[in-house]
Amino acid sequence: MTLDALPLNTRARITAVDWGQLAPEEATRLQALGIDAGAEVAIAHRGVFSGGDPIALEIGRMTVALRRAHASAMEVEALTA
Amino acid sequence: MSTKRVAALVGNPNSGKSALFNALTGARQKIANYPGVTVERKAGRLVLPSGEPVELIDLPGSYGFDATSPDEEVTRKVVFGEFPGEARPEVLVVVIDASNIEQHLVFAQEVLELGRPTVVALNMIDLAERDGLVLDAKALEQALGVPVIETVAVRRRGLAELTQAIAEAEARAESDPNDHRQPHLTLPERRLAANNIAKGAILSETAKHKLHARVDKVLLHTWLGPPILFALLFVIFQAVFAWATPFADGLEAGVGWLSAQSVALIPPGFVQDLIVQGVLAGVGSVVVFLPQIVILFAFILVMEATGYMARAAFIMDRLMAYVGLSGRSFIPLLSSFACAIPGIMATRSISDPKDRLTTILIAPLMTCSARLPVYAVIIAAFIPSTTLSGGIGLQGLVLFALYVAGIVGAMAAALVLRRSVTKGAASGFIMELPKYQLPRLSDLLIGLWQRAWVFLRRAGTIIFTVTVVLWLLLSFPKAAPGEDQVDASFAGQMANGLAVVVAPIGFDRDMALALIPAMAAREVAVSSLATTYAVASDDEEQTALALGDQLAARWTLPMALAFLAWFVFAPQCLSTIAVARRETNGWKWPLFMLGYLFAMAYIAAGVTFWSALALGL
């Protein structure tokens, strides 16, 4: 499952990121925010348009906004409780 | 006496760096630009316990030294002493958000690797405690090997201790000027180390429902969020008009009083005319808009300081994406409703160059406060103050329509630009949503003062000069008896040439005359009309007639509407063009902006004029 398909408020771990899908500056910015393989995340909010774009992602103690296009480059596995 | 000593604040964006900077330096700040780049340089004076001052600089927020934005480049160069003309700071103060410690420790370690005298400010410790996070500063100090001071910039907590630690670090820098570089870690290694250091420093953590998460449940709610944002924007624009009125009336009365005093005290002649018809009629008609500008900026500053502005960007992101932009463009565009200059400068936070360029090009289409004098005078003169059904005033409706026309024009322009001249990859949107915070009043007042000052300086320099020059051009050469003064003047002759060009869109000679000096700033159109009609009226009684009555007597309704439509689009502001030149590093884009906006203005005014005529208005 990719991150853009993760249901709201479900904890998940990023298992792999296809950095080739993203612009280099965007990849740098996401990594600087700790959004990388191994990170634990959950989707807190989604926008109202275009099937829930953008996404507010909870990572660590932060909330980071990103687009569905970014999330679709990230493979995740849901964590159970 | 050694050379000037410098300490620098570094840290992630949203670490509360600027609030700490304000708390440490108070109002003793100098804001300028770094030479050659469009990044703001904020410097202030910090007085050490010994009474000695050091220069404290607030470096742009940064996630690391290998980052890509122009802001972060400045931070890296200044810290490394590679920025020309900028002294290498002796002491580095790393500001960490206590409530986001794992993330902020990543960059902190990169700074500590430099082995320079460093102090860590564990900032916003109160917010961490509010979220149930209790930290041990001493444990953090041992792990990092440098002094760690707990601070709450907005409550002025820990400032004396931090200043003391900076003084001690300064002393260390003097006794041992060598760097003690530490081995360089990779980003994943630093992140792992950051997590371990944080784990060791966290005394306890209660799983509380975090305040920001609860507030976001409402403000970022899929269906509630957008209506709340639009309601807030509606309140802001209402407030800009309703709250400003008493202050504007007061300023107007003040200008009237000065005029009366000048007439009474200065003997009639050249000097009296210059002051009353030139300076007071011109500059006075512009300064009365200061209250509206201050109110709009007050809302924008509060939205930024509380953390809501990032949420607004989140909500607006998808709408902006339809025209090829991102939520990041929303903040500069909202600022442009006050003034395009800070709006264009705020585009620096947009990392994608094509996105940023598009935002700069459309920013002048947002109805800035300089258009208000033009709109207000013409609407008052030509639109009856009747109330439509539902208690909506017709005048307010026309004003609203002008705002909408600007927004629609901007969106259409963005759509076309992104498919032609600023074509590029679809823009992304990655943005940290900071925690909510109560802003400190003095921070807001400092920000407001800085913006009001920019406006007053403009009124005092550009508008003053242009108004006086126009008055001189209108007053000479003197008309022969029986000849019209405006026709005889230099300005009138120039306007006759331009009038040929604008005649097809319904503008007469006087309107053409107002357009020339309004190139300096749109609001000058009002003062120009006021000055022109003041010079044109030969008897005292007619001069005393308010500008609105003069316009109503001299213009037709289609002319007035065409003039309004013109100002929705026309890029008549020298400062905006100058800022666009600086921000795009050349004349190409400002000239392009001038060309496409004048073309839009000409078409819009023409269509409005002929449609109004056809409708028999």
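Our subject is the structure that appears above.
Residues numbered from 1 in each chain as written. Chains lettered and ligands numbered in written order. Predicted model: local features only at pLDDT ≥ 70, side-chain atom pairs only at ≥ 80, totals over all residues. Heavy atoms only, no water.

### Some details on the overall build of chain A
In plain terms, the rule: A run of DSSP states H or I qualifies as a helix once it reaches four residues; a run of E qualifies as a strand once it reaches two. Both are numbered from the N-terminal end. In this setup the radius of gyration rests on C-alpha atoms only. A globule is expected at 2.2 Å times the number of residues raised to 0.38. Think of it in three bands: with a 1.4 Å probe and only protein chains considered, a residue is buried below 20% of the maximum accessible area for its type, exposed above 50%, and partly exposed in between. Residues are treated as being in contact if the distance between any of their heavy atoms lies within 4.5 Å. Accessible surface area values rest on a Shrake-Rupley calculation with a 1.4 Å probe, where residue burial reflects the displayed protein chains alone. Only four residue types enter the tally: Lys and Arg on the positive side, Asp and Glu on the negative side, with His and both chain ends excluded. A charged residue contributes its charge at one atom only: NZ of Lys, CZ of Arg, CG of Asp or CD of Glu.
Scanning chain A from N- to C-terminus turns up 2 helices and 5 strands. Each helix and strand of chain A, placed in order from N terminus to C terminus, yields the pattern β-α-β-β-β-α-β. For chain A, whose C-alpha radius of gyration is 11 Å, the value lies close to the compact-globule estimate of 12 Å for 81 residues. Projected onto its principal axes, the C-alpha positions of chain A cover 30 × 30 × 25 Å. A total of 81 residues make up chain A; the buried ones form 52% of that total. Taking contacts inside chain A between residues at least 6 apart in sequence as the whole, the part at least 24 apart equals 60%. Just so you have it, chain A exposes about 3,200 Å², and 51% of that area is on carbon and sulfur atoms. One way to put it: in chain A the 7 positive side-chain charges average out to a point 6 Å from where the 10 negative ones average out.

### Remarks on the overall build of chain B
When helices and strands are counted, chain B shows 28 helices and 10 strands. Computed over the C-alpha atoms, the radius of gyration of chain B is 28 Å, within 12% of the 25 Å expected from 2.2 N^0.38 for a compact globule of 617 residues. Projected onto its principal axes, the C-alpha coordinates of chain B cover approximately 90 × 60 × 45 Å. Relative to its 617 residues, chain B shows a buried fraction of 54%. Across chain B, every contact between residues at least 6 apart in sequence was considered, and the portion connecting residues at least 24 apart equals 73%. When the accessible surface of chain B is summed, it comes to about 26,000 Å², and 66% of that surface belongs to carbon and sulfur atoms. The centroid of the 48 positive side-chain charges in chain B is displaced by 5 Å from the centroid of its 51 negative side-chain charges.

### Concerning the interface of chain A and chain B
Here is the rule we go by: Using a 1.4 Å probe, buried area is obtained as the accessible area two parts lose upon being combined, added over both of them. Any Lys or Arg side-chain nitrogen located within 4 Å of an Asp or Glu carboxyl oxygen qualifies as a salt bridge. Pairing of N or O atoms within 3.5 Å defines a polar contact, subject to two protein rules: one partner must be a possible hydrogen donor and the other a possible acceptor, and residues neighboring in sequence count only if both atoms are side-chain atoms. Note that Gly is not counted as nonpolar here; it falls among the polar residues with everything else outside the nonpolar set of Ala, Val, Leu, Ile, Met, Phe, Trp, Tyr, Cys and Pro and the charged set of Asp, Glu, Lys and Arg.
Residue-level contacts link 26 residues of chain A with 36 residues of chain B. Here chain A packs against chain B, burying approximately 2,900 Å² in sum over the two surfaces, 57% of which is carbon and sulfur. Summed over the three residues of chain A that lose the most area to chain B, namely A:R29, A:R61 and A:R67, the buried surface amounts to 28% of that side. Where chain A packs against chain B, one counts 5 salt bridges. At the boundary of chain A with chain B, the tally comes to 14 residue pairs in polar contact (both at pLDDT 80 or more). Counting only elements with at least two residues in the side of chain A that touches chain B, the list comes to α1 (24-32), β2 (40-49), β3 (53-59) and β4 (62-66) of chain A. Among the elements that line the side of chain A that touches chain B, the one with the most residues is α1(A), at 6 residues. Along the lines of polarity and charge, the residues of the side of chain A that touches chain B split into 12 nonpolar, 7 polar and 7 charged.

### A closer look at the pattern of salt bridges
All names here are of chain B. Applying the stated rule across the entire model yields 26 salt bridges over all chains. Between R5 and E174 there is a salt bridge, with its nearest N and O atoms 2.9 Å apart. Placement of the pair is R5 in the segment before β1 (6-11) and E174 in helix α6 (residues 159-175), with a sequence separation of 169 residues. By relative accessible area, which is 11% here, R5 ends up buried. Take E174: its relative accessible area is 55%, and that puts it in the exposed class. Residue D355 pairs with R418 through a salt bridge whose shortest N-O separation is 3.4 Å. Here R418 lies in helix α18 (residues 394-419) and D355 lies in helix α16 (residues 353-362), a separation of 63 residues in the sequence.

### A look at the side chain of A:D53
Inspection of the secondary structure assignment puts A:D53 in strand β3. When its relative accessible area of 5% is taken as the criterion, A:D53 is described as buried. Among the polar contacts listed, one links the side chain of A:D53 to the backbone nitrogen of A:R68, at a separation of 2.8 Å. At 2.5 Å, the side chain of A:D53 and the side chain of B:R318 are in polar contact. Among all residues touching A:D53, those that are not within four sequence positions of it are A:G47, A:V48, A:L66, A:R67, A:R68 and B:R318.

### Quick look at helix α17 (residues 371-382) of chain B
The condition is simple: Helices are assigned an expected span. That span is 1.5 Å times one less than the residue count.
With 12 residues, α17(B) extends 17 Å from end C-alpha to end C-alpha; this agrees with the ideal 16 Å at 1.5 Å per step. The complete set of buried residues in α17(B) reads B:R371, B:L372, B:P373, B:V374, B:Y375, B:I378, B:I379 and B:F382.

### Considerations on the pairing of β3(A)
In summary, the side chains of a regular strand alternate between the two faces of the sheet. Residue and element names in this part refer to chain A. Using the following cut-off: The pairing criterion is simple: DSSP has to find at least two bridges between the two strands.
For β3, a buried count of 6 out of 7 residues is recorded, marking the element as mostly surrounded by other parts of the structure. By the bridge criterion, 6 bridges tie β2 to β3 in an arrangement that is antiparallel. By the bridge assignment for β3, R46 is matched with I55. Linking two consecutive strands that pair antiparallel, namely β2 and β3, is a turn of 3 residues; a positive phi of about 45 degrees is found at S50 within it. In this sheet, β4 lies alongside β3 in antiparallel orientation, the contact comprising 5 bridges. Across the sheet, residue A56 finds its bridge partner in β4, namely A65. Between β3 and β4, which pair antiparallel and follow one another directly, the connecting turn spans 2 residues, one of which, G60, has a positive phi of 55 degrees.

### Focus on a nonpolar patch on the surface
Residues and elements named next belong to chain B. Note the cut-off: Patch membership requires more than 30% relative accessible area and the absence of a salt bridge. Residues of like charge join within 9 Å; the nonpolar side chains Val, Leu, Ile, Met, Phe, Trp and Tyr join within 5 Å.
A surface patch of nonpolar side chains, amounting to about 600 Å² of accessible area, comprises F270, V271, L472, F476, F490, M494 and I516. For the nonpolar patch, the secondary structure elements donating two or more residues are α11 (270-287) and α21 (490-502). Considering the arrangement of structural elements, one finds M494 in helix α21. Residue M494 is classed as partly exposed on the basis of its relative accessible area of 44%.

### Some thoughts on the sheet that holds strand β5 (residues 74-78) of chain A
Inclusion rule: Lines fitted to C-alpha atoms define the axes here, with helix axes fitted over just the stretch in contact, and angles between the N-to-C directions of these axes take values from 0 to 180 degrees.
The 6 strands are arranged β5(A)-β1(A)-β2(A)-β3(A)-β4(A)-β10(B) in an open sheet whose pairing can be described as antiparallel. The sheet is open, and its two borders are formed by β5 of chain A together with β10 (431-433) of chain B, each paired with just one other strand. Neighbour-to-neighbour, the strand axes of the sheet open up by a mean angle of 40 degrees, direction not taken into account. Across 2 bridges, the pairing between strand β1 (residues 12-17) of chain A and β2(A) is antiparallel.

All quantities given are derived from atomic positions and should not be read as evidence of function.
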